[in-house]
Every structure is written in C-alpha cells, then in structure tokens.
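Structural description and commentary
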Amino acid sequence: MIAELRQKLDKKDISARELLEQYIARARKTDPTVGAFLHVNNEAGAAADAAQKQIDAGQAGIITGIPIGLKDNLCTVDMPTTCASRMLQGFVPPYDATVVKKLRDQRAVFVGKLNMDEFAMGATTATSYYKKTKNPFNLSCVPGGSSGGSAAAVSAGMVVAALGSDTGGSVRQPAAFCGVTGLRPTYGMVSRYGCVAFASALDQVGPIATSAQDCAYLLSAIAGKDDYDQTSQNSPSFAPKALEANVAGKRFGLIKELMDESLVEAETVEAVKRAALWFQRNGATVDEVSLPLLKYAVPSYYLISSAEASANLSRFDGVRYGYRPKNPATYDELVTHSRHEGFGWEVKRRVMLGCYALCSGYYDDYYKRATRLANVIRSDYARAFETFDALISPTSPNAAFPFDDVPSDPSQLYLADVCTVSAALAGLPAVSTPCGYTGAGLPVGLMITGDAWGDANILSYAAAFEGEFERRTPVLEELGA
Amino acid sequence: MSQQIAAGLADLAKIHFTLEELEEMNRDMESIVKLMDYIKEVQLPPETPVKNASNIIYLRPDERRGNPTRPVEGEYFKIPRIIE
C-alpha cells in the first residue's frame, strides 16, 4: 500500500493533506466504535503540508506524507505519552523517541497515539486505564495486545501503518488477531530510546502494516544504530523495494511443540498446516523441528520481564514522574500511594512478581535460572538455523477471543504467550502474517522466525505468502464507516 | 505463598495495598508462582551461563532502603537540583 500511495503522492494524484484527511475522516467514523486512538494529533495537517513541500521539491522519501499511528509508549514532544496508564495521564515528554524522530525527519505524518495494555503489560489491550479497544473483525473480541490499538487502527484502515513495541509478542499477537502483518525486529536493530521501558533485555519497536512489504518500508525508516541506545547496532543493509518475495529452495522448520493440538486450537493448527503446504508447493521444503525447551519459555519470559519491569517502573514514584495523590502525610505515603492509585492491577502483579524473582532467597531458583534457560533456548534456535532458513509456527494458540472470555486466572493468560515469547528471549526477528480464518471469520496468524539479522529474509518469505493469500479486511460499514 | 510474604513484596515494590487487595494479590501470586515453578524441573547443563554478564554472587538483604528525610517547602518536598 505504501508504494501505491507513494506513487499517487509523487504524481500529484493526491496531496499529502488530502490523503491525511481521508484517513482522519475514516478514523472519525470508525474509531468511536473501535477505540484505537488515545490522542489524535492536532498538528497532523501542518505535518502533511510540510510533507507536501518536500514532495513538491522532489525530495520525498518512501514514507514522506504517509499517515502513521504510534503506540502510546513512544515519546512524542507534541502529543501526550501515557502508556495507557493513569500514572502518566497528561504527560508530554520533552523529547521524541528516536524512532519518532526518524519518521518525523522523513516527513511521515502522525495521525495520533494508539491504545495499548498499560505499560505494554498484557495481551488484550484491556489493561488500558483509558478505554477498551475492540477487534475490527468482531467487536465483541479483544484486538490482542499489548499493541492492540496499533493493530486495530491498521486493520480498520484508520492509518496506513503503525509502530508498536514487542517485548514478548506485543506486535505479533495483535497483528495476528486483527488480520494484519507485524514484525518484531532482531534485538538491537531498532533504537528503544524514548520507548518507555518495560523489560530492556527484550523490548523492541516494530512495524504493523497491511503487508510485509510495508513493514519492510517502515523498518528501513526506523532501523539503525543510535548513540542513545547502546544495544542498537547498524544492521545489514537491505532494500525494501527489492524484497525477493520468493521461497523456492528455502528450508522451513515447522515447530513441533507449537503444533500440538492440546496447546493450540485445531483451526489454528489447520491454517498453519495449509500455509506449510503452500510453502512446499512453491519450491520450499518444510520439515518438522523440535525445540523441546520452548515449553519452559513462558515462565522464563515472565520472570525476566517482570524482574526488569520492577526495576524500570521504580521511577514512577509520584516525584520524578506522573500521578501523585493529594495531601500525602509522609514521603513514604506519597510514593506507595502514587503507585497504588497510579498503576493498574496487571502492572502491580508484574512488579510484585519481579520483586519476588529478585529476592535473595529466590534469585537462583527463579531469575538466574530463567536467564540461563533463555541462553539454552537461544542455543537451540542457533542449532535449528544450521539446518533451516526460517521456522514457522502459529503466532498464537488461538484466534481473538471475546472480552468476556479473558481468563480471570493470570497464569492462564500468560500461557497464551507460548508461541511468541521464545523468539523474544532469543533476540530473534519474527513476523506474523495472516494465513487463514476461523469458522467465525477471525484471522489466524502464521509466525515466521528468522536467524538474527535475517529480518529482510523473513519479510520476503511473508511477502511471497501474502502474494497468494486472499487477505480479508473488516467490513467497515459494520464499524460505522 | 503466605500473606506475610505478599506484604513483604508489596513493601519492596513500594505499593500500598488495602487488606482486601493484598488478599487478592496473594491469590494471584500463588497461581503465577505455580506457573513459574515449572522451570525448576528443567535440567540445565551445569555450565550454562546467565543471559547477561552479571553473574551476581552477593545479593543485598531483602530490605527496603529507608527513604531519605526530605525537607518540605509548603506542600512540596525539596529534592536536589539536577539541572542547572
């Protein structure tokens, strides 16, 4: 879609302002029903005019003038950044996140900030303090999370593409639930400076769009070393326009443990099997591969991420940032009551778990063991990539589920992350693209995981599959559009 | 997990809970820790390094550090200036 819009903008078939107005108009009609936006950018029109000047001067880049949405944990100088938390209500950062600055420098047009699970902790976007985001394919279902607002906005056509962040699956799972494409880049490929920290060893910013090709365009716009994030590196260069979109001769491993019907819904397994057959029909080989330690990835992920979250979120104390209760009697009360009233329940659970994992009496059994396990999982992947070019699996054990079916037992909800967390622990790139629909018409995601820095490869495999796959879009009339 | 441990964790986390909330959190934590306990059964090679470089052998006691006494000015606490 970005390439088509680029052509229209460059040929002056449409102006950047007109393009923006089309998307704003759609958002005005649709978003009261979907609830993807937390903040609409009042300066978007001026940004579109600035983009137009660049287009008129013949200096447009691939994303100049393209309407983009931003997850609300990416710092923006001209819009609030709340992380969907009461703690940061009304907070306007004094600087742009590096990914935001990069897009701004290339004159992308920000339509607004998008809803998410509070501090990116969740898989439903239902932990947002502000609003409920609904799945455009079925309004009674969750959009996934934590980047649920980003995925829903792209799916409902309210933005061309969006940025999300993926700590344990927060780009890929909502992309799967909302029938769009989402990429978790290799750890270090994209700067996290200005992405409000959840778990620094795992957090990555990634694109969500309607195609792998568009994800590639957005990735190329945000990737690269950043002096403000010492984990970032210059990635091998790739030309998004030249994505090979071909799987012939490639070797794919179908992850056995993630095709187990006791773990994954039958309709999801069937859709991924059909995708595997497509790969085979198009000249690739697909063989089963076993990664037996993946069943331990969920506890390992939750221990590491929660431990880091308990440290990262200690800055929210009512003094340095954010919400503060009225008339605290003591400094101690100021801090503990700020966190009591400012954080939602899920955030408190993660902080408590993090403190537990880091306690001296439990450290060896939990945190240290989890980090050792993550290293073994990484080694298992490395061994698999000696044989395979990429691994395929479902993105989620199930399609989107109704709000009423969100499990009350947190461990049940955490177990649903089984398909996505291991790539995050291993720092590997993984893309989710639609590969089928359930009988109820809900999208099913196929996840393609690559070796480190193989982002362009997995995007090209996804692009090849998308070329043959008949992607559905939500019926916008039903959404009020 | 006992409620005493949950209260200790809340203290370390610097989060106030009402008694009812602490009971609910305790129930949630019991379920979560049960899931986390699953990793104890995996046999890891003895020399597996930790993911990061900090193979810590000394851990400080699980005690919350006392808050410094803050001078008060009107309704505000005074904190050291960090930007000149």
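Structure's up top.
Only a predicted model underlies this, so the values are computations on that prediction, with no experimental measurement involved.

Observations regarding the overall build of chain B
A tally of regular secondary structure across chain B gives two helices and two strands. Scored against the burial criterion, the 84 residues of chain B give a buried share of 25%. On chain B, roughly 6200 Å² of surface is accessible, and the fraction owed to carbon and sulfur atoms is 53%.

Concerning the packing of helix 7 (residues 212–222) of chain A against helix 15 (residues 455–468) of chain A
All names here are of chain A. For the pair helix 7 and helix 15, the least separation of the axes is 8 Å and the interaxial angle reads 155°. One way to sum up the angle between helix 7 and helix 15 is to call them roughly antiparallel. Judged by residue contacts, Ala 212, Cys 215, Ala 216 and Leu 219 of helix 7 engage Asp 455, Leu 459, Ala 462, Ala 463 and Glu 466 from helix 15.

Quick look at the interface of chain B and chain A
With 48 residues of chain B at the contact, the number on the chain A side is 52 residues. Summed over both partners, the interface of chain B with chain A comes to about 4700 Å²; 69% of that surface belongs to carbon and sulfur atoms. Scanning the region where chain B abuts chain A turns up one salt bridge. Taking the shortest distance from any N to any O, the salt bridge between Arg 349 of chain A and Asp 28 of chain B comes out at 2.8 Å. Along the contact surface separating chain B from chain A lie 15 residue pairs in polar contact (both at pLDDT 80 or more). Listing elements by their share of the side of chain B that touches chain A, those giving two or more residues are helix 1 (3–13), helix 2 (19–36) and strand 2 (76–77) of chain B.

Side note on the pattern of salt bridges
When the charged atoms of two side chains with opposite charge come close together, those side chains can pair. Across all of its chains, the model carries 19 salt bridges over all chains by this definition. Lys 101 of chain A is the salt-bridge partner of Asp 105 of chain A, the closest N and O atoms lying 3.0 Å from each other. With Asp 105 of chain A and Lys 101 of chain A both in helix 4 (residues 98–105), this residue pair falls four residues apart, about one helical turn. In this structure Lys 101 of chain A comes out as partly exposed when scored by relative accessible area, which is 46%. Two residues, Asp 166 of chain A and Arg 184 of chain A, come together in a salt bridge whose shortest N-O distance is 3.2 Å. Separated by 18 residues along the polypeptide, Asp 166 of chain A in strand 4 (residues 161–166) and Arg 184 of chain A in strand 5 (residues 181–184) bring together distant segments of the chain. Each member of the pair, Asp 166 of chain A together with Arg 184 of chain A, is buried. Through salt bridges that share partners, Glu 346, Arg 349 and Arg 350 of chain A together with Asp 28 of chain B make up one connected network.

Description of the sheet that holds strand 1 (residues 37–40) of chain A
Residues and elements named next belong to chain A. Spatial ordering of the open sheet is given by 1-3-2-4-6-5-10-11-9-7-8, a layout of eleven strands whose pairing is mixed. In the strand order of this sheet, the two ends are held by strand 1 and strand 8 (285–289), each with one partner. Direction aside, neighbouring strands of the sheet carry axes that sit 30° apart on average. Along the sheet face, helix 12 (residues 364–387) touches strand 7 (251–255), strand 8, strand 9 (390–394) and strand 11 (443–450) and points at about 115° away from the line of strand 9.

Brief notes about the packing of aromatic side chains
All names here are of chain A. Tallied over the full model, the rule gives 24 aromatic pairs over all chains. Considering the side-chain rings of Phe 316 and Phe 343, the 6.4 Å spacing of their centres and the 80° angle between planes classify their relative orientation as edge-to-face. Taken together, the positions of Phe 316 in the loop between helix 9 (297–312) and helix 10 (331–342) and Phe 343 in the loop between helix 10 and helix 11 (345–358) put the pair 27 residues apart, joining distant regions of the chain. Here Phe 316 and Phe 343 have matching classes, each one buried. Between Tyr 381 and Phe 385 the ring centres are 6.3 Å apart and the planes differ by 15°, which places this aromatic pair in the stacked class. Placement of both Tyr 381 and Phe 385 in helix 12 is noted, with a separation of four residues, approximately one turn of the helix. What makes Tyr 381 buried here is its relative accessible area of 2%. Using a relative accessible area of 11% as the deciding quantity, one classes Phe 385 as buried. Taken together, the ring pairs connect Phe 137, Phe 252, Trp 278, Phe 279, Tyr 437, Tyr 461, Phe 465 and Phe 469 into an aromatic cluster. Directly above the aromatic system of Tyr 23 lies the positively charged group of Arg 26, at a separation of 5.6 Å from the ring centroid. One residue, Lys 132, lies across the ring of Phe 403, its end atom 4.4 Å from the ring centre.

What counts and what doesn't
- Residues numbered from 1 in each chain as written.
- Chains lettered and ligands numbered in written order.
- Predicted model: local features only at pLDDT ≥ 70, side-chain atom pairs only at ≥ 80, totals over all residues.
- Heavy atoms only, no water.
- Helix = DSSP H or I, 4+ residues; strand = E, 2+ residues; numbered from the N terminus.
- Buried < 20%, exposed > 50% of the residue type's maximum accessible area, 1.4 Å probe, protein only.
- Areas by Shrake-Rupley, 256 points an atom, 1.4 Å probe, with all protein chains shown as cover.
- Axes fitted to C-alpha atoms, helices over the stretch in contact; angles between N-to-C directions.
- Parallel < 35°, antiparallel > 145°, perpendicular 65-115°, else oblique.
- Contact = heavy atoms within 4.5 Å.
- Buried area = accessible area lost by both parts, 1.4 Å probe.
- Salt bridge = Lys/Arg side-chain N within 4 Å of Asp/Glu carboxyl O.
- Polar contact = N/O pair within 3.5 Å; in protein donor to acceptor, adjacent residues only side chain to side chain.
- Pairing = 2+ DSSP bridges.
- Phe/Tyr/Trp six-rings, centres within 6.5 Å; stacked < 30°, edge-to-face > 60°.
- Lys NZ or Arg CZ within 6 Å of the ring centre and 35° of its normal.

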